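Residues per chain are reported as follows:
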Protein chains: 2
Amino acid sequence: MTTDRKKKALETRQKLLDTALKLFAKRGFEHVSIAQITTTCGVSKGTFYTHFATKYDIVLEKFQEFDAHYVEAAKKIDENLSPPQKIIALYDEQMIYLTTVVGKDIMRTVYTAAMTNQVEHVHYLIHPQRTIFELIRRYLEEGVEQNIFRKDLSFEAIEKMIQRAMRANVYDWLIHAEDFDLIKEMHVFTTTLLDGIRA
Amino acid sequence: MTTDRKKKALETRQKLLDTALKLFAKRGFEHVSIAQITTTCGVSKGTFYTHFATKYDIVLEKFQEFDAHYVEAAKKIDENLSPPQKIIALYDEQMIYLTTVVGKDIMRTVYTAAMTNQVEHVHYLIHPQRTIFELIRRYLEEGVEQNIFRKDLSFEAIEKMIQRAMRANVYDWLIHAEDFDLIKEMHVFTTTLLDGIRA
DNA sequence: TGATTTAAGTGACCGAGGTCAGTGAAATAA
DNA sequence: TTATTTCACTGACCTCGGTCACTTAAATCA
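Because the structure is a prediction, the values reported are computed rather than measured. (Residues numbered from 1 in each chain as written. Chains lettered and ligands numbered in written order. Predicted model: local features only at pLDDT ≥ 70, side-chain atom pairs only at ≥ 80, totals over all residues. Heavy atoms only, no water.)

Caption draft 1: Spatial organisation of the side chain of Asp172(B). Within the secondary structure, Asp172(B) sits in helix H9 (residues 155-175). Exposure remark for Asp172(B): the relative accessible area of 1% places this residue in the buried category. Apart from the residues lying within four places of it in its own chain, the contact partners of Asp172(B) are Arg164(A), Arg167(A) and Phe180(B). (Helix = DSSP H or I, 4+ residues; strand = E, 2+ residues; numbered from the N terminus. Buried < 20%, exposed > 50% of the residue type's maximum accessible area, 1.4 Å probe, protein only. Contact = heavy atoms within 4.5 Å.)

Caption draft 2: Structural view of the protein's contact with DNA strand C. In the vicinity of DNA strand C there are 20 residues, among which Arg5(B), Thr12(B), Ser44(B), Thr47(B) and His51(B) approach most closely. Looking at DNA strand C alone, sugar and phosphate atoms form 55% of those within 4 Å of the protein. Contact distances for DNA strand C include 2.8 Å between a phosphate oxygen and a backbone N or O atom of Ile34(A). Thr47(B) places a side-chain nitrogen or oxygen 2.7 Å from a phosphate oxygen of DNA strand C. Put simply, the parts of the chain that give the surface near DNA strand C at least two residues each are helix H1 (4-27) and helix H3 (45-51) of chain A together with helix H1 (4-27) and helix H3 (45-51) of chain B. Element by element, the count of residues in the surface near DNA strand C is highest for H3(B), at four residues. (Near = heavy atom within 4 Å. Polar contact = N/O pair within 3.5 Å; in protein donor to acceptor, adjacent residues only side chain to side chain.)

Caption draft 3: Here's a closer look at the packing of aromatic side chains. With the rule as written, the count across this model stands at 18 aromatic pairs over all chains. Each ring, one from Tyr70(A) and one from Tyr97(A), has its centre 6.3 Å from the other, and the planes form 75 degrees; the classification is edge-to-face. In this pair, Tyr70(A) is assigned in helix H5 (residues 68-75) and Tyr97(A) in helix H6 (residues 83-102), connecting sequence segments 27 residues apart. Consider the rings of Phe189(A) and Phe189(B), whose centres lie 6.3 Å apart with planes at 25 degrees: the pair is stacked. You can see Phe189(A) sitting in helix H10 (residues 182-197) and its partner Phe189(B) sitting in helix H10 (residues 182-197), one on each of two chains. A relative accessible area of 0% places Phe189(A) in the buried class. (Phe/Tyr/Trp six-rings, centres within 6.5 Å; stacked < 30°, edge-to-face > 60°.)

Caption draft 4: Local environment of the protein's contact with DNA strand D. Around DNA strand D sit 20 residues, and of these Arg5(A), Thr12(A), Ser44(A), Thr47(A) and Lys55(B) come closest. Put simply, 60% of the atoms of DNA strand D that lie within 4 Å of the protein are in sugar or phosphate. Within the backbone of Ser44(A), a nitrogen or oxygen atom sits 2.7 Å from a phosphate oxygen of DNA strand D. Within the contact set of DNA strand D, a phosphate oxygen lies 3.0 Å away from a backbone nitrogen or oxygen of Arg5(B).

Caption draft 5: Inspection of the domain arrangement of chain A at higher detail. Residue and element names in this part refer to chain A. Partitioning chain A into structural domains gives domain 1 (4-52) and domain 2 (60-197). For domain 1 versus domain 2, the distance between C-alpha centres works out to 31 Å. Contact with domain 1, which involves seven residues of that partner, is made by four residues of domain 2. Here domain 1 and domain 2 share an interface that buries about 420 Å² over both sides, 60% of which is from carbon and sulfur atoms. Linking domain 1 to domain 2 there are one salt bridge. Glutamate 61 is paired through a salt bridge with arginine 13; the nearest N and O atoms lie 2.5 Å apart. Where domain 1 packs against domain 2, one counts two residue pairs in polar contact (both at pLDDT 80 or more). By residue class, the composition of the side of domain 1 that touches domain 2 is five nonpolar, one polar and one charged. (Domains from an automatic or database assignment. Buried area = accessible area lost by both parts, 1.4 Å probe. Salt bridge = Lys/Arg side-chain N within 4 Å of Asp/Glu carboxyl O. Nonpolar A, V, L, I, M, F, W, Y, C, P; charged D, E, K, R; others polar.)

Here it is in structure tokens:
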């Protein structure tokens, strides 16, 4: 049941989220304090923590929202391409999205949080139900049906490597200065890895 | 010239380093404060910062020391192996070392710092002069001489991918719980990638 | 030797993320 | 309607990494 109180609480939560993301975008995650966010919203510091467990959670929530984009991206991919080509096409799309829309700052936060806040459950970064992983899995299943992959590697092993290739390039993008072309690097790396997986 | 004063300062520095690493090993990096380190050493908090720029620097210094290990590891590698086999052998050695001696805690610190503290210069994690990278480069040069690699990939592109494969697996190790066998994962992944690089 | 410079060491202080006993009004129970 | 419970919200407080004006004794200079 949605009472007045719950509705108001949700409004507060949403306002905190919006304000935080706006400030992060303007000044960068590290340069925005919780106090800044809450005073901008006209609430106390403690209120932030009734809605979010940590500062990272704001970014993580937004990041999960981004996954919806991949469904759209997948629709644009030519159905006649080979499974490896589809994977490459999807990764190309994703890297364009990460560099132009999501940005380094948010990605750095997600990749840092995955290393530190991984106490309780599996981090979203490697969560099997992530939209992008489901898409990749579908393409790989196609590839298996078409007998284009090596038989000495298990489906799970191949799947893991393809996912890992993504994180590998994103991580290297994050630790490099502006001289790193994520789209190009991801393309070459994943293509080469897929060559090693082909029968 | 080594004056009495400089000698004593170096002693203080060394004591801070040893104490910090001992405490990190016992309680974990995140659970040891600078205050704990300095009071254990019988100096003030400020003293820590006359010798180290950040808390991370302690770990980074130790990490750089570890690189010396790879020269020894390289000596054990059979000279008759093919260049790709040598690379795999070296990575096998390195992963055993990381999991049994260095440990997840220190590695997590290094991999986090690489993302956040990369303002000034290139982080050591991707420093071209790292012993391990020099070794890899030598093996790759051997491979080029023997014509075993694809010709459509530049030497630098191949080198980058091999290095990236290492970070990919270490990063995935860091974000996974105990169910991740770094040695095995690194072996399969790098072998597959090298297959994709072979002519 | 005495005057001056240098730098290791000090500790009060800052702003940060995060905590928690307490408050008050809305929701529910009587 | 009145009593009780619930919970969004408060803000003083904690610990932490890091800063900096200052102290003091060793090193250097005259």
